[in-house]
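Chain residues, written in single-letter form:
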Amino acid sequence: MKKQIFRDQQIPEAFDIKTPIVQSHYLIDGELRPWTGKMTQIVSPIFVEENGKRVKKLLGSVPDMSEKEALEALEKAKAAYNLGRGLWPTMQVKDRIDCLLKFVEIMKTKREEVVNLLMWEIGKTLGDSRKEFDRTIQYIYDTIEEYKEIDRSSARILLTEGVYAQIRRGPLGVVLCMGPYNYPLNETFCLLIPALIMGNTAIFKPAKHGILLMSPLLEAFKEAFPKGVVNILYGRGRVVSTPIMKTGDVDVLALIGTSTAANALQTLHPKQNRLRLVLGLEAKNPAIVMPDADLDLAVSECVLGSLSFNGQRCTALKLLFVHEAVVDAFNKKFVEKVNQLKGGLPWEEGVALTPLPEPGKVEYLRSLVTDAEAKGAKVINEDGGWEDETFYFPAILYPVHKDMKIYQEEQFGPVVPIIPFKDIEEPINAVSESNYGQQVSLFSTNSEILAQLIDPLVNQVCRVNINSQCQRGPDVYPFVGRKDSAVSTLSVNDALRSFSIRTLVAAKDNPLNKEILNELLDKQTSNFLNTHYIL
Ligand code: G3H
């Protein structure tokens, strides 16, 4: 039934990329400089027919930069920060906001190009690609409003124990910003935008997939921000990020990716106490389905939770613990629902499952299934594990236990392990013993049962979802994790805190200081010390 879904397909005119996109400029120090060095080809996970052969479609190429450009980008970001005395970190809040507004206005005009590249580069469906773009625009507007709110609440002078003070949040310095391939636009901007608005300067390296989609935005960065505030690096992490970290001049490492990458980078910094970390890392979020759960609801949330964007979300449900009293009924409904998911190319109507962008991913998923099968699990859905090039139809594995790789490793793809349990202590212990601590989903119709689960679990993870899949949004809620899942909190409000530090100007209450403070406030000569109220 699913065979041949990717073959003999006409690419709709509106989405076709007829000529490869050559990204022949790079943004540094406010200039779009021509690049004449080596290039890296960017290919799609989507195969096309070429001279009678099936090949990954060539989308374009980007600069393959070296240590030299990386260190130059760092120098420019440092110069723009200028030890906190640069134009950007000392600019009035309203002026920084104007730059962000200018950026977002230009960005909005690039929607179709960026959405198309999201589909081609990472295989995200048309609907989800549009959602990613629109959610990012909304995030920028919400961040601006939140920043105004923070600024308004600090626009006053306090007097406590005979000391006047004005307390604000100030920037930290130079931020090295790296996003993930599954949300190459949204998650990267959820780091970059709050970092910038707080007055930091940035070196930004696009994700390992979802690189070309930054091309339409380079001009917007150049137009909207003063020179050196945003510098964009293309190249391999080992070549461009390593030398930057070794200098010790990076003040914030902002990365959404793996703990291995984060650890490797942070240990390069010679003065780690000076390095602020803002990290979103792996997760292995479980669902726990109790005997009294509404099974239709549980199944529909678990399918969404485990298989949206082919399971390539850090918040995806990656282990399903189902009570043995209902596991057979759950499995039957789950298989039926997964069978209804349509596989295809990202722009197809109603498509839910799409090609996977990571090289070697299909082989990796296959190896997880083979390992589980050798240890006693079965693929319980007929088409489970069906492969075609970069496409992998979800494999539902049952019964799964601790000794299988799928139980331990973050699959980040369409393999769904179902673990039967008898005693509720089993899944609770599994969460406690796990290296990860992001979220959990609980399914039950009984508030007393839920109460007994909520209390032990809130101290193991950072979000307990009731009869709902795990997810990051709404973006105003804190997005955070314990153990190896995160460092620092992100949300519209929390990200502004993560990328800044509380700083105050204080003065003992005496006639001289009173006069000075009054004069400073009247003449508005300081950008920091003022009671300006931004509307
Ligand atoms: O990959 C991790 C993302 O932050 C998940 O976000 O729950 O909105 O898909 P989401």
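Residues numbered from 1 in each chain as written. Predicted model: local features only at pLDDT ≥ 70, side-chain atom pairs only at ≥ 80, totals over all residues. Heavy atoms only, no water.

Student: What's the story with the site of the ligand in this structure? I'm lost.
Tutor: Taken together, Arg135, Asn182, Tyr183, Glu187, Arg313, Cys314, Thr315, Gln471, Arg472 and Phe479 make up the full set of residues near the ligand. For the ligand, an oxygen atom lies 2.9 Å from a polar atom in the side chain of Arg135. Within the side chain of Arg313, a nitrogen or oxygen atom sits 2.7 Å from an oxygen atom of the ligand. (Near = heavy atom within 4 Å. Polar contact = N/O pair within 3.5 Å; in protein donor to acceptor, adjacent residues only side chain to side chain.)

Student: For this particular structure, what's the right way to read the side chain of Asp29?
Tutor: In this structure, Asp29 sits in the loop between β2 (25–28) and β3 (31–34). Discounting residues that sit within four places of it in the chain, Asp29 has contacts with Lys76, Lys227, Gly228 and Asn231. (Helix = DSSP H or I, 4+ residues; strand = E, 2+ residues; numbered from the N terminus. Contact = heavy atoms within 4.5 Å.)

Student: I'm lost on the sheet that holds strand β24 (residues 486–487) in this one. Help?
Tutor: As a general point, the strands of a sheet are linked pairwise by backbone hydrogen bonds and lie either parallel or antiparallel. If you walk across this open sheet you meet the six strands as β10-β9-β8-β11-β12-β24, and the pairing is mixed. Edge strands, defined here as strands with exactly one partner in the open sheet, are β10 (230–232) and β24. Bridge count for strand β12 (residues 276–280) against β24 is two bridges, and the pairing is antiparallel. From the neighbouring strand, Leu279 faces β24, where its bridge partner is Val487. Set on the sheet, helix α6 (residues 186–197) makes contact with β8 (174–178), β9 (201–205), β10, β11 (252–256) and β12; between it and β8 the angle comes to about 170°. (Pairing = 2+ DSSP bridges. Axes fitted to C-alpha atoms, helices over the stretch in contact; angles between N-to-C directions.)

Student: Before we go on, may I ask you to explain the environment of Leu126 in this structure?
Tutor: Note that Leu126 resides in helix α5 (residues 126–153). Leu126 sits in the buried class, given a relative accessible area of 14%. Between the alpha carbons of Leu126 and Ala202 there is a distance of 30 Å; along the sequence they are 76 residues apart. Ignoring sequence-local partners within four residues, the contact set of Leu126 consists of Phe15, Val115, Met119, Pro346 and Trp347. (Buried < 20%, exposed > 50% of the residue type's maximum accessible area, 1.4 Å probe, protein only.)

Student: I would appreciate a short explanation of the environment of Phe321 in the present structure.
Tutor: Topologically, Phe321 is positioned in strand β14 (residues 317–323). Sequence separation between Phe321 and Pro417 is 96 residues, and the spatial gap between their C-alpha atoms is 8.6 Å. Leaving out residues up to four positions away in the same chain, Phe321 has contacts with Pro286, Ala287, Ile288, Val289, Tyr407, Ile419, Phe421, Pro427 and Ala430.

Student: Quick question: what am I supposed to make of the packing of aromatic side chains here?
Tutor: Each aromatic ring pair is summarised here by two numbers: the centre-to-centre distance and the angle between the ring planes. In the structure shown here, the tally under the stated rule is 14 aromatic pairs. Taking the centre distance of 5.6 Å and the plane angle of 80° together, the rings of Trp88 and Phe225 count as edge-to-face. Of this pair, Trp88 sits in helix α2 (residues 87–90) while Phe225 is found in the loop between α7 (215–224) and β10, placing the two residues 137 residues apart along the sequence. Per residue, the accessibility class of Trp88 equals that of Phe225, and both read buried. Consider the rings of Trp120 and Trp347, whose centres lie 4.9 Å apart with planes at 50°: the pair is tilted. Taken together, the positions of Trp120 in helix α4 (residues 111–122) and Trp347 in the loop between α11 (327–339) and α12 (361–374) put the pair 227 residues apart, joining distant regions of the chain. Here Trp120 falls in the buried class, since its relative accessible area comes to 0%. By way of ring pairs, the aromatic residues Trp88, Phe103, Phe189, Phe204, Phe221 and Phe225 are connected into one cluster. Taking NZ or CZ as reference, Lys124 lies 3.8 Å from the ring centre of Tyr183, over its face. (Phe/Tyr/Trp six-rings, centres within 6.5 Å; stacked < 30°, edge-to-face > 60°. Lys NZ or Arg CZ within 6 Å of the ring centre and 35° of its normal.)

Student: Would you explain the packing of α5 against α6 in this entry?
Tutor: The N-to-C vectors of α5 and α6 enclose an angle of 20°; their axes lie 10 Å apart at closest approach. One finds that α5 runs roughly parallel with respect to α6. Of the two elements, α5 crosses α6, and the hand of that crossing is right-handed. Residue-level contacts link Glu132, Arg135, Thr136, Tyr139, Ile140, Thr143, Ile144 and Tyr147 of α5 to Asn186, Phe189, Cys190, Ile193, Pro194 and Ile197 of α6. Of the residues in the contact of α5 with α6, the class split is nine nonpolar, three polar and two charged. (Parallel < 35°, antiparallel > 145°, perpendicular 65-115°, else oblique. Left-handed = near helix turned anticlockwise from the far one by under 90°. Nonpolar A, V, L, I, M, F, W, Y, C, P; charged D, E, K, R; others polar.)

Student: Sorry, what's going on with the pattern of salt bridges here?
Tutor: Think of it this way: side chains of opposite charge can pair up when their charged atoms draw near. Scanning all chains against the criterion turns up 36 salt bridges. The shortest N-O distance in the salt bridge between Glu69 and Lys68 comes to 3.9 Å. Here Glu519 makes a salt bridge to Lys523, at a shortest N to O gap of 3.4 Å. Residue Glu519 and its partner Lys523 are located together in helix α17 (residues 511–523), separated by four residues, close to a single helical turn. With relative accessibility at 55%, the residue Lys523 sits in the exposed group. (Salt bridge = Lys/Arg side-chain N within 4 Å of Asp/Glu carboxyl O.)

Student: So what exactly am I meant to see when it comes to the packing of helix α3 (residues 93–108) against α6 here?
Tutor: When two helices pack together, their arrangement is given by the angle between the helix axes and by the axis-to-axis distance. At a closest axis distance of 10 Å, the pairing of α3 and α6 adopts a crossing angle of 150°. Relative to α6, the element α3 lies roughly antiparallel. Facing Arg96, Ile97, Leu100, Phe103 and Met107 of α3, the residues of α6 in contact are Phe189, Ile193, Leu196 and Ile197. Looking at side-chain class alone, the contact of α3 with α6 contains eight nonpolar, no polar and one charged residues.

These figures come from the coordinates and say nothing about function on their own.
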